Amino acid sequence: MEHQLLSLFHSRRDVSRMDVRLERAVSKKRKGETVTAQAQEDQGNPKVEVLYLNTNAEVSFHSSWGTTLRDIWAKAYVELKEAKRDNDRFECQTGQSLMNSLDKTLEQLRAEHTCQNRKYQIRSETGGA
Amino acid sequence: MPDVAAGAAALDRHLENILQGKDLDRLGWSRPDKLTLLVPLFAQRASSADLYLVRLGFHSYPEWPPSTQFVNPESLRYDMDTDKKWLPKIEGAIEIAVHPEYDHDGKKIQLICCSYTLEFYEVKHGVDAQHLWDAKTHTFAATLAAIRRGLLPEFYKGPFEPRS
């Protein structure tokens, strides 16, 4: 049993190693992209990422600091080519709910340090307990 | 009769989308047969992380959600007399619960009480229409996301029985 657990842990460690190698391999390319992305942010076009947990599909697009989360959420469905469901919830990818912040702008969220990396997720509520 | 060929084909298709070029082994996942996927998940506590292994069965997929069970990582099965330590205790989450011995049709079974698991429908658990599994939208990624949410520190209370 311990052997299997160790194997699983090693698998995860290997993933981390692979990630590091990939990170290094594309670092030069990324430097160029970072300059472009940073320039876009400076010009008021922050990048946002939205993960659709129902399918694990992810989209990213540039927005503006004055855009509300509600608008970002709506645009994400268009980009994902999915329809909004009544029980969908908008969250930070840490799992923190953002349903009480939908009318806040990215600027306001940045000021209050909420989901600062702008990586969001759409989760459908389930029935259960 | 479940259409097992359809289940295997849907798993092929959805797995490709979800992995996005990543290697199954590298993620620590495994597919011992065409209709089974084993996925390790970590639950976070204040001072440590606990490993769990979820076995997903795709014999009725995608019309129904995958069969979903926490299993002993050694036997890849769940024996309720000895394997409760491989089940997470989830408290305070209104969307998911784990029952180590759920009474159903005169038998006791493990039940992950969540509308994105097959067993939830097999025991005919009550559910609001808005929470039903939707074969057109959902994939097994939704099942894993629901379980991962239950394993967040705010809900996770450790294994059902101590491991040492």
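Just so it is clear, the model here is predicted, and its values are computed rather than measured.

Novice: Would you mind showing me how to read unusual backbone geometry here?
Specialist: Only a minority of non-glycine residues have a phi that is not negative, and only a minority of peptide bonds are not trans. In this structure, the amide linkage connecting Tyr 61 of chain B to the following residue, Pro 62 of chain B, adopts the cis form with an omega of 0 degrees. Looking at where Pro 62 of chain B falls in the secondary structure, it is placed in the loop between strand E3 (49–57) and strand E4 (67–71). Its identity as a non-glycine residue notwithstanding, Cys 115 of chain A has a phi of 45 degrees, on the positive side. For Cys 115 of chain A, a relative accessible area of 7% corresponds to the buried category. In this model, Leu 76 of chain B sits at a positive phi of 60 degrees, which is unusual for a non-glycine residue. Following the sequence through the fold, Leu 76 of chain B ends up in the loop between E4 and strand E5 (88–90).

Novice: Looking at this structure, how should I read empty space enclosed by the protein?
Specialist: Gaps between atoms show up when a probe of the same size as a water molecule is rolled over them. Applying the stated criterion across every chain yields a total of two cavities of 30 Å³ or more. By volume, the largest cavity is sized at about 90 Å³. Considering the residues around the largest cavity, the lining is formed by 14 residues, among which Arg 123, Ser 124 and Thr 126 of chain A together with Glu 95 and Ala 146 of chain B are closest to the centre. The leading source of residues in the lining of the largest cavity is helix H3 (residues 140–150) of chain B, at five residues. Taken together, the residues of the lining of the largest cavity break down into seven nonpolar, four polar and three charged. Of the pockets and cavities examined, the second largest cavity occupies roughly 40 Å³.

Novice: What exactly am I supposed to notice about the state of the cysteines here?
Specialist: Each disulfide is one covalent bond, formed between the sulfur atoms of two cysteines. Under the criterion given, the structure shown has one disulfide over all chains. Paired by a disulfide, Cys 92 of chain A and Cys 115 of chain A hold their sulfur atoms 2.2 Å apart. Judged by the sign of its S-S torsion, about 85 degrees, the cystine formed by Cys 92 of chain A and Cys 115 of chain A is right-handed. Here the residue Cys 92 of chain A occupies a position in strand E3 (residues 88–92), and Cys 115 of chain A occupies one in the loop between helix H4 (106–111) and strand E4 (119–124), the gap between them amounting to 23 residues. Residue class for Cys 92 of chain A comes out buried when judged on its relative accessible area of 4%. The thiol sulfur of Cys 113 of chain B is not disulfide-bonded, and the nearest other cysteine sulfur, from Cys 114 of chain B, lies at 8.2 Å. The buried category is assigned to Cys 113 of chain B, whose relative accessible area is 2%.

Novice: For this particular structure, what's the right way to read the sheet that holds strand E1 (residues 47–52) of chain A?
Specialist: Remark on secondary structure: sheet strands pair via backbone hydrogen bonds, oriented parallel or antiparallel. All names here are of chain A. Ordered in space as E2-E1-E4-E3, the four strands form an open sheet in which the pairing is mixed. The sheet terminates laterally at strand E2 (57–62) and E3, the two strands that pair on one side only. In this sheet, adjacent strand axes meet at a mean angle of 25 degrees when their direction is disregarded. Together, E1, E2, E3 and E4 form the strand contacts of helix H3 (residues 69–80), whose direction differs from that of E2 by roughly 125 degrees.

Novice: What exactly am I supposed to notice about the sheet that holds strand E2 (residues 36–44) of chain B here?
Specialist: Residue and element names in this part refer to chain B. Reading across from one edge, E1-E2-E3-E4 is the order of the four strands in this open sheet, with antiparallel pairing throughout. Here the strands that pair on one side only, and so sit at the sheet edges, are strand E1 (30–33) and E4. Averaged over all adjacent pairs, the angle separating strand axes in this sheet is 30 degrees, with direction ignored. The strands that helix H1 (residues 4–19) touches are E1 and E2; relative to E1, the one it contacts most, it runs at about 165 degrees.

Novice: Explain the interface of chain A and chain B here, please?
Specialist: With 29 residues of chain A in contact, the opposing surface of chain B contributes 38 residues. Summing both partners gives a buried area of about 2,900 Å² for chain A against chain B, and 56% of it is carried by carbon and sulfur. For the interface between chain A and chain B, the tally reads three salt bridges. One salt bridge in this structure joins Glu 91 of chain A and Arg 149 of chain B, with 3.8 Å as the shortest N-O distance. Remark: the boundary between chain A and chain B carries eight residue pairs in polar contact (both at pLDDT 80 or more). At the level of secondary structure, the elements contributing two or more residues to the side of chain A that touches chain B comprise helix H1 (2–25) and E4 of chain A. Among the elements that make up the side of chain A that touches chain B, the one with the highest residue count is H1 of chain A (nine residues).

Novice: What should I look at first to understand the confidence of the model for chain B in this one?
Specialist: The predicted coordinates should not be examined in detail at positions where pLDDT is low. The predicted model of chain B averages 94 in pLDDT, with 100% of residues at 70 or higher. Listed scores for the predicted complex are pTM 0.82 and ipTM 0.82.

Novice: I'm lost on the side chain of Asp 83 of chain B in this one. Help?
Specialist: All names here are of chain B. Assignment of secondary structure puts Asp 83 in the loop between E4 and E5. Within the buried core, Asp 83 has no salt-bridge partner, and the shortest N-O distance to an opposite charge, that of Lys 85, equals 6.2 Å. Only 2.9 Å separates the side chain of Asp 83 from the side chain of Asn 72, close enough to count as a polar contact. Of note is the side chain of Asp 83, whose polar atom sits 3.4 Å from the side chain of Thr 82. Residues contacting Asp 83, with those up to four places away along its chain left out, are Asn 72, Ser 75, Arg 77 and Tyr 78.

Calculation rules
- Residues numbered from 1 in each chain as written.
- Chains lettered and ligands numbered in written order.
- Predicted model: local features only at pLDDT ≥ 70, side-chain atom pairs only at ≥ 80, totals over all residues.
- Heavy atoms only, no water.
- Helix = DSSP H or I, 4+ residues; strand = E, 2+ residues; numbered from the N terminus.
- Buried < 20%, exposed > 50% of the residue type's maximum accessible area, 1.4 Å probe, protein only.
- 1 Å grid on protein atoms, 1.4 Å probe; cavity = no way out; pocket = protein on both sides within 12 Å on 5 of 7 lines; lining within 4 Å.
- Points joined across faces, edges and corners; volume = space filled by probe spheres on them.
- Nonpolar A, V, L, I, M, F, W, Y, C, P; charged D, E, K, R; others polar.
- Disulfide = S-S within 2.5 Å.
- Pairing = 2+ DSSP bridges.
- Axes fitted to C-alpha atoms, helices over the stretch in contact; angles between N-to-C directions.
- Contact = heavy atoms within 4.5 Å.
- Buried area = accessible area lost by both parts, 1.4 Å probe.
- Salt bridge = Lys/Arg side-chain N within 4 Å of Asp/Glu carboxyl O.
- Polar contact = N/O pair within 3.5 Å; in protein donor to acceptor, adjacent residues only side chain to side chain.
- pLDDT = per-residue confidence, 0-100.
- Lys, Arg positive; Asp, Glu negative; His and termini not counted.

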